[in-house]
Amino acid sequence: MRFSMELRLCPPPFVIGGSVRLSLTLRRLLPVRCTALTKQSHRFLSTLATTAAAGDQSATNRLIRKFVASSPRSIALNVLSRILSSHTPQPALCFVALTLYSRITEASWFTWNSRLVADLVAFLDKHGQFTDSEALISEATSKLGFQERKLVSFYCQLVESQSKHGSERGFDNSYDSLLELLHNSTSVYVRRRAFESIVSGLCAMKRPEEAESLVKEMRSKGIAPSSFEYRSVIYAYGTLGLFEDMKRSLEQMEKDDIDLDTVCSNMVLSSYGAHNKLADMLLWLQTMKTSSLPFSVRTYNSVLNSCPKLMSMLQDMSAADLPLSIEDLITALYGNEALLVEELVGSSVLKEVMVWDSMELKLDFHGAHVGAAYVIMLQWMKEMKLNFEDENSVIPAEVIVICGSGNHSIVRGESPLKALIKEIMVRTGSPLRIDRKNTGCFVSKGKAVKNWLCLR
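As the structure is a computational prediction, the values presented were derived from the model and not from experiment.

Analysis parameters
- Residues numbered from 1 in each chain as written.
- Predicted model: local features only at pLDDT ≥ 70, side-chain atom pairs only at ≥ 80, totals over all residues.
- Heavy atoms only, no water.
- Helix = DSSP H or I, 4+ residues; strand = E, 2+ residues; numbered from the N terminus.
- Buried < 20%, exposed > 50% of the residue type's maximum accessible area, 1.4 Å probe, protein only.
- Contact = heavy atoms within 4.5 Å.
- Expected span 1.5 Å × (residues − 1).
- Polar contact = N/O pair within 3.5 Å; in protein donor to acceptor, adjacent residues only side chain to side chain.
- Salt bridge = Lys/Arg side-chain N within 4 Å of Asp/Glu carboxyl O.
- UniProt positions renumbered as here; feature names shortened; annotations may be inferred.
- Patch = residues over 30% accessible without salt bridge, like charges linked within 9 Å, V, L, I, M, F, W, Y side chains within 5 Å.
- Areas by Shrake-Rupley, 256 points an atom, 1.4 Å probe, with all protein chains shown as cover.
- Lys, Arg positive; Asp, Glu negative; His and termini not counted.
- Charge placed at Lys NZ, Arg CZ, Asp CG, Glu CD.
- Phe/Tyr/Trp six-rings, centres within 6.5 Å; stacked < 30°, edge-to-face > 60°.
- Lys NZ or Arg CZ within 6 Å of the ring centre and 35° of its normal.
- Disulfide = S-S within 2.5 Å.
- Pairing = 2+ DSSP bridges.
- Axes fitted to C-alpha atoms, helices over the stretch in contact; angles between N-to-C directions.

A few words on the overall build of the protein chain. Looking only at helices and strands, one finds 22 helices and 5 strands in the protein chain. Taking all 456 residues of the protein chain together, 52% fall into the buried category. Pairs at least 24 apart in sequence give 69% of the contacts found in the protein chain among residues at least 6 apart.

In structure tokens, the structure reads:
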């Protein structure tokens, strides 16, 4: 197959709405990994969207040809990946992805990659470009021939990419092809890989009943389901609010001698929280403690993101009544929210996000959402005050609070977490200030921090 090098704009462009929420279990299967775009790439995408929207095909083709010719491999592929990974790209960009890919394939550095093709197929199918997506699949299968492992890997990537984009038509077609490969193969590797991708894909498509049936089929064919398949099914049922089905899957996982872990428990918590089941969330936290399952930063995120009173407090961080201690926060909350916070602060999570020696005390909020950072910060202030009041405690030379500079925030460079920490620092008269060398950190001398906390 040869691609036409001329851009075909599909009149009229349409706006793509909505997005598909991926299960936490599927994060390791995300088909596109984008790094931050360079200024050159931002300018190119902006100009490309404007030119394509104007319907100037020749100018758009020249722009793409010039960009690919002058860009190194990493930048060109990252721009394409950025377009393909977006659920709501600018409408005009929906119709230039194939042309950009076609130009990239002509570059001297280009190496054919099944993952990139799968992402492009899913993107084209999602936006109604069925002829082009089918042509890409045909080319890929011809290239792979009878290499069974590579062929099943490609269809697994297709299923994962199609489920990510929520494309029913494309997903069903890829699902059928992968299921046929699965049933015709005698390779344990091929069958396990296919089962794993189909189960996770069905769950992402909100079809957990079918996924659960496949897990049963795996078991009947002598292929033991792993924690990954069970997590996918459990989380899919949970996010749909089908809690009896979720509990049944948890029980079956236990029967198959797969231990419940913190990752799976966080998914259960997140599911309860999404449906405002705070009482069930509280019982689950207590079950985790009884089972000696450690909490994690994600546990804090899952629980606190689901507390409406707490979240409303943090929407206006400049409000005069924002609690500045754990005790005041619990008093300001009520009912299950207060009980949930009490359950969390007794955990070991603070020790996990903190490093303390004679040289430095470092509190790292990477991975924490605003609610989690708020509670951990108040917990840290209380614990540090108690520690510093002990005459035998080590006073670090420097204290560092890492909150990030907002590169991954919704508005780049504007970090709600950083704004929260700054507000707390100002309100409490803290000596911690934004580091001039790294704007994502607050720093101070250890003795100054000790004096501040002990005088509060």
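Moving on to helix H5 (residues 114-126). With 13 residues, H5 extends 18 Å between its outermost C-alpha atoms, agreeing within 8% with the 18 Å of an ideal straight helix rising 1.5 Å per residue. For H5, the buried fraction is high: 11 of the 13 residues fall into the buried class. Those residues of H5 that fall on the buried side of the exposure criterion are Ser114, Leu116, Val117, Ala118, Asp119, Leu120, Val121, Ala122, Phe123, Leu124 and Asp125. The elements touched by buried residues of H5 are helix H3 (73-85), helix H4 (97-105), helix H6 (130-144), helix H7 (148-165) and helix H8 (168-184). Capping the start of H5 is the job of one residue whose side-chain oxygen sits 2.9 Å from the backbone nitrogen of Arg115: Asn113. Positive phi appears at Gly128, one or two residues downstream of H5, with a value of about 80°.

Before going further, it helps to spend a moment on the pattern of salt bridges. In a structure, side chains of opposite charge can pair up when their charged atoms sit close to one another. Applying the stated criterion across every chain, the model contains 18 salt bridges. The residue Asp261 makes a salt bridge to Arg231 at a minimum N-O spacing of 2.2 Å. Note that Asp261 is positioned in the loop between helix H12 (243-255) and helix H13 (262-274) and Arg231 in helix H11 (residues 227-239), a separation of 30 residues in sequence. Close ionic contact of Glu327 with Lys382 constitutes a salt bridge, the shortest N to O distance being 2.7 Å. With Glu327 in helix H17 (residues 326-332) and Lys382 in helix H20 (residues 370-388), this pair connects stretches of sequence that are 55 residues apart. Note on Glu327: relative accessible area 39%, which makes it partly exposed. Salt bridges sharing common partners tie together Arg115, Glu160, Arg193 and Glu196.

Let us now look at the UniProt feature "repeat: PPR" (unreviewed entry) in the protein chain. The positions that UniProt labels "repeat: PPR" (unreviewed entry) are, in the present scheme, residues 191-225. Each end of residues 191-225 is marked by a C-alpha atom, and these two atoms are 12 Å apart; helix forms 77% of the span and strand 0%.

Together, Glu251, Glu254, Asp257 and Asp259 make up a region of like negative charge exposed at the surface. Inspection of the secondary structure puts Asp259 in the loop between H12 and H13. For Asp259, a relative accessible area of 69% puts it in the exposed group.

Turning next to the packing of aromatic side chains. Per the stated rule, a full pass over the model turns up 6 aromatic pairs. Taking 5.8 Å as the distance between ring centres and 40° as the angle between the ring planes, the aromatic pair formed by Phe171 and Tyr175 counts as tilted. Taken together, the positions of Phe171 and Tyr175, both in helix H8 and 4 residues apart, correspond to about one turn of that helix. You'll find Phe171 and Tyr175 in the same group, each marked buried. On the basis of an interplanar angle of 70° and a centroid distance of 5.8 Å, the ring pair of Trp356 and Phe388 is categorised as edge-to-face. With a gap of 32 residues between them, Trp356 in strand E1 (residues 354-356) and Phe388 in helix H20 connect regions that are remote in the sequence. The cationic tip of Arg149 hangs over the ring face of Tyr189; the distance from NZ or CZ to the ring centre is 4.1 Å. For the cation-ring pair, Arg169 lies above Phe130, with the distance from its terminal atom to the ring centre recorded as 4.1 Å.

A complete count under the given rule lists 0 disulfides for this structure. Cys403 takes part in no disulfide bond, and the closest cysteine sulfur, belonging to Cys441, lies 6.9 Å away. Classification of Cys403 as buried rests on a relative accessible area of 8%.

Below, the discussion takes up the environment of Leu158. Mapped onto the secondary structure, Leu158 falls in helix H7. The exposure class assigned to Leu158 is buried, which follows from its relative accessible area of 0%. Here the alpha-carbon distance between Leu158 and Tyr175, two residues 17 residues apart in the chain, equals 8.6 Å. Sequence-distant contacts of Leu158, that is, excluding residues within four places in its chain, are made with Ala118, Val121, Ile137 and Ser174.

Sheet strands pair via backbone hydrogen bonds, and the direction of the pair is either parallel or antiparallel. Sheet architecture is open: 5 strands sit in the order E1-E2-E3-E5-E4, paired in mixed fashion. A single partner strand is all that each edge strand has here, and the edge strands are E1 and strand E4 (433-434). Pairing geometry for E1 and strand E2 (residues 360-364), over 3 bridges, is antiparallel. Paired with Val355 across the bridge in E2 is Lys362. Sheet contacts for helix H21 (residues 416-427): strand E3 (398-402), E4 and strand E5 (441-445); angle to E5, the most-contacted strand, approximately 30°. Against the sheet, helix H22 (residues 446-455) touches E3 and E5, its axis set at about 90° to E5.

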